[in-house]
Number of protein chains: 2
Amino acid sequence: MEDFMTLKKQLCFAVYETAGEFNKLYTSVLQPFGLTYPQYLVLLALWEKDGVTLKELGAKLSLGTGTLTPMISRMEANEWLRKERSKEDERKVYIYLREKAVSQRQPITSKVAEVILSCQIELEEYEQLMQQLSTLQNKLKSNGRQ
Amino acid sequence: MEDFMTLKKQLCFAVYETAGEFNKLYTSVLQPFGLTYPQYLVLLALWEKDGVTLKELGAKLSLGTGTLTPMISRMEANEWLRKERSKEDERKVYIYLREKAVSQRQPITSKVAEVILSCQIELEEYEQLMQQLSTLQNKLKSNGRQ
DNA sequence: TATGATTAGTTCGTATACGATTTAAATAAA
DNA sequence: TTTATTTAAATCGTATACGAACTAATCATA
């Protein structure tokens, strides 16, 4: 009974594994559209607000440019997005949805919603988890500061 | 109010971000020991039960051999582990802790525990999350089967 | 017992992910 | 105004992570 340090009892591992499960499930849904799961998250962000800088996008997704730059390039090559250097500030790169991403929005989100619904996650369960994960994230982030 | 498909409202994203936060926090703790976060999970599994096959280890960690093989090689190179082909069944490879992994167990787990404790996660919160993530994982995994 | 199927690991190709370094542009300061 | 600092991206090196293809060993079965 004394052992707290077992794999199964680690919250970090429960989150790690759950993230992996989500990844696999979403991958199976998104594969037919030629999208990866992180690429879908990029589209989600841009469907909400189009024409943002790489930095803004990174802030929303908690990703650095070291991850985003090559990912955006791939999505550009696959005609989901286009990049445009700002004229006012040439350091900035704005990302815009291309027609494909706009027209595929409904089919993609419908299919995703359908599959997630089929998992039968209760609304209360969903909202509690969202709330608790938010609290947890804050605690993890604020660690170190006193 | 109508938009369910925003990034912030996605449970998948909340889990994804939280996993990232855990990763960063654990990385900061484990870096001085020359360990990555997934490598630490491998040690956690082996500290519990030493001398398991690659496949057994993969089952515990929900990782395939495509991920584990190179990771174990790196941990072997860094003298945490050693590999041994089974004599009875030469397809199998058993993984054993090396002295370094045994002697470093206390320092590593102490430091990890210290940092996690400093996050002030309530026991009730912890257990509820563990429970809810377990339920969620089952729902995600059972998806597809009617 | 010879052959076909299964199994365990390895290897390969692709895609994240991160921190550190570099580059170029914009801003601040001297 | 020249120089120093800051900022936004890109690039680089390392480490996961996954599925598919491959190899070698074992097992099943005809």
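Details of the structure are given in the entry above.
Residues numbered from 1 in each chain as written. Chains lettered and ligands numbered in written order. Predicted model: local features only at pLDDT ≥ 70, side-chain atom pairs only at ≥ 80, totals over all residues. Heavy atoms only, no water.

Asker: Break down the protein's contact with DNA strand C for me, citing the residues and quoting the values.
Answerer: Every one of the 25 residues lining DNA strand C counts as a neighbour, but T36 and Q39 of chain A together with Y16, T65 and T69 of chain B are closest to it. Of everything in DNA strand C that lies within 4 Å of the protein, sugar and phosphate atoms constitute 78%. One of the side-chain N or O atoms of T36 of chain A is found 2.5 Å from a phosphate oxygen in DNA strand C. One of the backbone N or O atoms of K55 of chain B is found 3.0 Å from a phosphate oxygen in DNA strand C. Elements with a contribution of two residues or more to the surface near DNA strand C: helix 2 (37-48) and helix 4 (65-77) of chain A together with helix 1 (11-30), helix 3 (54-61), helix 4 (65-77) and strand 2 (81-85) of chain B. Looking at the surface near DNA strand C element by element, the count peaks at four residues for helix 4 of chain A. Its residues placed into classes, the surface near DNA strand C shows six nonpolar, eight polar and eleven charged. (Near = heavy atom within 4 Å. Polar contact = N/O pair within 3.5 Å; in protein donor to acceptor, adjacent residues only side chain to side chain. Helix = DSSP H or I, 4+ residues; strand = E, 2+ residues; numbered from the N terminus. Nonpolar A, V, L, I, M, F, W, Y, C, P; charged D, E, K, R; others polar.)

Asker: So, the sheet that holds strand 3 (residues 93-97) of chain A: which residues are in play, and what are the values?
Answerer: Each strand in a sheet pairs with another by means of backbone hydrogen bonds, the pair being arranged parallel or else antiparallel. Residue and element names in this part refer to chain A. Pairing in this open sheet of three strands is antiparallel, and the strands run 1-3-2 from one edge to the other. Each edge of the open sheet is held by one strand with a lone partner, namely strand 1 (52-53) and strand 2 (81-85). The pairing of strand 1 with strand 3 spans two bridges and is antiparallel. Of the residues in strand 3, the one forming a bridge with T53 is Y94. Against the sheet, helix 2 touches strand 1, strand 2 and strand 3, its axis set at about 90 degrees to strand 3. (Pairing = 2+ DSSP bridges. Contact = heavy atoms within 4.5 Å. Axes fitted to C-alpha atoms, helices over the stretch in contact; angles between N-to-C directions.)

Asker: Quick one: what's the story with the packing of aromatic side chains, residue by residue and with numbers?
Answerer: Taken as a whole and assessed by the stated rule, the structure comprises ten aromatic pairs over all chains. Taken together, a centroid distance of 5.9 Å and an interplanar angle of 90 degrees make the contact between Y16 of chain A and Y37 of chain B edge-to-face. Here the residue Y16 of chain A occupies a position in helix 1 (residues 11-30), and Y37 of chain B occupies one in helix 2 (residues 37-48), the pair thus bridging two chains. Here the aromatic rings of F22 of chain A and Y26 of chain A are separated by 6.0 Å at their centres, their planes lie at 50 degrees, and the arrangement is tilted. Remark: Y26 of chain A and F22 of chain A occur in helix 1; sequence separation between them is four residues, near one turn of the helix. Of the two residues, F22 of chain A and Y26 of chain A, both sit in the buried class. An aromatic cluster is defined as three or more aromatic residues linked by ring pairs; in this entry it consists of F13 and Y16 of chain A together with F22, Y26, Y37 and Y40 of chain B. Directly above the ring of W80 of chain A sits K100 of chain A, whose terminal nitrogen or CZ lies 4.2 Å from the centroid. (Phe/Tyr/Trp six-rings, centres within 6.5 Å; stacked < 30°, edge-to-face > 60°. Buried < 20%, exposed > 50% of the residue type's maximum accessible area, 1.4 Å probe, protein only. Lys NZ or Arg CZ within 6 Å of the ring centre and 35° of its normal.)

Asker: Give me helix 7 (residues 123-142) of chain A: which residues, what numbers.
Answerer: Structurally, the α-helix is built with 3.6 residues per turn, so residues lying three or four positions apart point the same way. With 20 residues, helix 7 of chain A extends 29 Å between its outermost C-alpha atoms, agreeing within 8% with the 28 Å of an ideal straight helix rising 1.5 Å per residue. Those residues of helix 7 of chain A that sit buried are E125, L129, M130, Q132, L133, L136, Q137, K139 and L140 of chain A. Elements in contact with the buried residues of helix 7 of chain A: helix 1 of chain A together with helix 1 and helix 7 (123-142) of chain B. (Expected span 1.5 Å × (residues − 1).)

Asker: Please provide a residue-by-residue account of the interface of chain A and chain B, values included.
Answerer: Across the contact, 54 residues belong to chain A and 54 residues belong to chain B. Together chain A and chain B conceal approximately 5,500 Å² of surface at their shared face, both sides included; 65% is due to carbon and sulfur atoms. At the boundary of chain A and chain B, one finds two salt bridges. In this structure, the salt-bridge partner of E125 of chain B is K139 of chain A, at a minimum N-O distance of 2.9 Å. (Buried area = accessible area lost by both parts, 1.4 Å probe. Salt bridge = Lys/Arg side-chain N within 4 Å of Asp/Glu carboxyl O.)

Asker: Run through the packing of helix 1 of chain B against helix 6 (residues 105-117) of chain B, naming residues and quoting values.
Answerer: All names here are of chain B. Closest axis-to-axis distance for the helix 1/helix 6 pair is 10 Å, and the angle between their directions is 135 degrees. As far as their axial angle goes, helix 6 and helix 1 are oblique. Like other packed secondary-structure pairs, helix 1 and helix 6 cross with a definite hand, here right-handed. On helix 6, the residues touching L25, Y26, V29 and L30 of helix 1 are I108, K111, V112, V115 and I116. Taken together, the residues of the contact of helix 1 with helix 6 sort by class into eight nonpolar, no polar and one charged. (Parallel < 35°, antiparallel > 145°, perpendicular 65-115°, else oblique. Left-handed = near helix turned anticlockwise from the far one by under 90°.)

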